[in-house]
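Structural characterization, general
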Amino acid sequence: VQLQASGGGLVQAGGSLRLSCAASGRTFSSYAMAWFRQAPGKEREFVAAISWSGFSTYYADSVRGRFTISRDNAQNTVYLQMNSLKPEDTAVYYCAADLDGSSWRRRHQLVSGYPYWGQGTQVTVSS
């Protein structure tokens, strides 16, 4: 599956952005999806994940209550709505995909759990 992330940009603290990740190549609805981010000099970290149906969602503690992950299987797209943005949210955001199932549910927060990755989109939050 090929992934294309978009929607990043520069925003002031307290503002909002919505990231999109368009998928192509295989049956999108078979895949669980996730967002990760990587700040300069830091390791890539888990942000949020969603099951193929959208019924199950997971969030990092640092974004829970501010970010919302969702998906539209008819449009082969997953979204990350980011509200109340903080300077520490500044990073390159990546979308990732893996086949949904019990293995994904155990490993959904791990970088190593995802074989498919998009190219990343930069989010910069100014103070």
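Predicted model, so just to flag it, every value in this text is computed and none were measured.

Re the sheet that holds strand 8 (residues 77-82)
Within a sheet, neighbouring strands are paired by backbone hydrogen bonds and run either parallel or antiparallel to one another. The antiparallel open sheet is built from four strands, whose spatial order is 1-3-8-7. The two strands at the open ends of the sheet, each matched to only one other strand, are strand 1 (2-6) and strand 7 (67-72). Strand-to-strand twist of the sheet, defined as the mean angle between neighbouring strand axes without regard to direction, takes the value 15 degrees. Where strand 3 (residues 17-24) and strand 8 come together, six bridges link them in antiparallel fashion. Bridge pairing in strand 8 places Cys21 opposite Val78.

Let's talk about the state of the cysteines
If you walk through the whole model with that rule in mind, you get one disulfide. Note that Cys21 is cross-linked by a disulfide to Cys95, the S-S spacing being 2.1 Å. Its S-S torsion of about 60 degrees marks the bond between Cys21 and Cys95 as right-handed, since a negative value means left-handed. Here the residue Cys21 occupies a position in strand 3, and Cys95 occupies one in strand 9 (residues 91-99), the gap between them amounting to 74 residues.

Section: the packing of aromatic side chains
On inspection of all chains with the given rule, the structure shows six aromatic pairs. Considering the side-chain rings of Tyr31 and Tyr116, the 5.9 Å spacing of their centres and the 80 degrees angle between planes classify their relative orientation as edge-to-face. Within this pair, whereas Tyr31 is found in strand 4 (residues 31-38), its partner Tyr116 is found in strand 10 (residues 116-117), the two being separated by 85 residues in sequence. For Tyr31, a relative accessible area of 4% translates into the label buried.

With respect to the nonpolar core
One finds Met33, Trp35, Leu80, Met82 and Tyr93 to be the most contacted residues of the largest nonpolar core, which totals 39 residues. Breaking this core down by element, the ones donating at least two residues are strand 1, strand 3, strand 4, strand 5 (45-50), strand 7, strand 8, strand 9 and strand 11 (121-126). The element that contributes the greatest number of residues to this core is strand 4, accounting for six residues. The contact partners of Tyr93, leaving out residues within four places of it in the chain, are Leu19, Trp35, Phe36, Arg37, Val47, Phe67, Leu80, Met82, Gly120, Thr121 and Val123.

What about the pattern of salt bridges?
A complete count under the given rule lists five salt bridges for this structure. With a closest N to O distance of 2.6 Å, Arg37 and Glu45 form a salt bridge. Arg37 sits in the buried class, given a relative accessible area of 6%. Judged by its relative accessible area of 37%, Glu45 falls in the partly exposed class.

Concerning the environment of Pro115
Among the structural elements, Pro115 can be located in the loop between helix 1 (102-107) and strand 10. Residues Pro115 and Asp98, spaced 17 residues apart in sequence, show a C-alpha to C-alpha distance of 6.3 Å. Setting aside anything within four residues of it in sequence, one finds Pro115 in contact with Ala97 and Asp98.

A look at the layout of surface pockets
In this structure, the largest pocket spans a volume of roughly 180 Å³. If you trace the largest pocket, you find 13 residues lining it, with Arg37, Ala39, Lys42, Glu45 and Glu88 closest to the centre.

Thoughts on the pairing of strand 5
Taken across its six residues, strand 5 has five buried, putting it largely inside the fold. Once strand 4 ends, the chain turns through six residues before running back antiparallel as strand 5, passing Gly41 with a positive phi of about 80 degrees. In the sheet, strand 5 pairs with strand 6 (residues 57-59) via three bridges, with the strands oriented antiparallel. Across the sheet, the residue bridging to Ala49 is Tyr58, located in strand 6. Connecting strand 5 to the next strand, strand 6, in antiparallel fashion are six residues, including Gly54 with a positive phi near 85 degrees.

Conventions adopted
- Residues numbered from 1 in each chain as written.
- Predicted model: local features only at pLDDT ≥ 70, side-chain atom pairs only at ≥ 80, totals over all residues.
- Heavy atoms only, no water.
- Pairing = 2+ DSSP bridges.
- Helix = DSSP H or I, 4+ residues; strand = E, 2+ residues; numbered from the N terminus.
- Axes fitted to C-alpha atoms, helices over the stretch in contact; angles between N-to-C directions.
- Disulfide = S-S within 2.5 Å.
- Phe/Tyr/Trp six-rings, centres within 6.5 Å; stacked < 30°, edge-to-face > 60°.
- Buried < 20%, exposed > 50% of the residue type's maximum accessible area, 1.4 Å probe, protein only.
- Core = buried A, V, L, I, M, F, W, Y, C linked by side-chain atoms within 4.5 Å.
- Contact = heavy atoms within 4.5 Å.
- Salt bridge = Lys/Arg side-chain N within 4 Å of Asp/Glu carboxyl O.
- 1 Å grid on protein atoms, 1.4 Å probe; cavity = no way out; pocket = protein on both sides within 12 Å on 5 of 7 lines; lining within 4 Å.
- Points joined across faces, edges and corners; volume = space filled by probe spheres on them.

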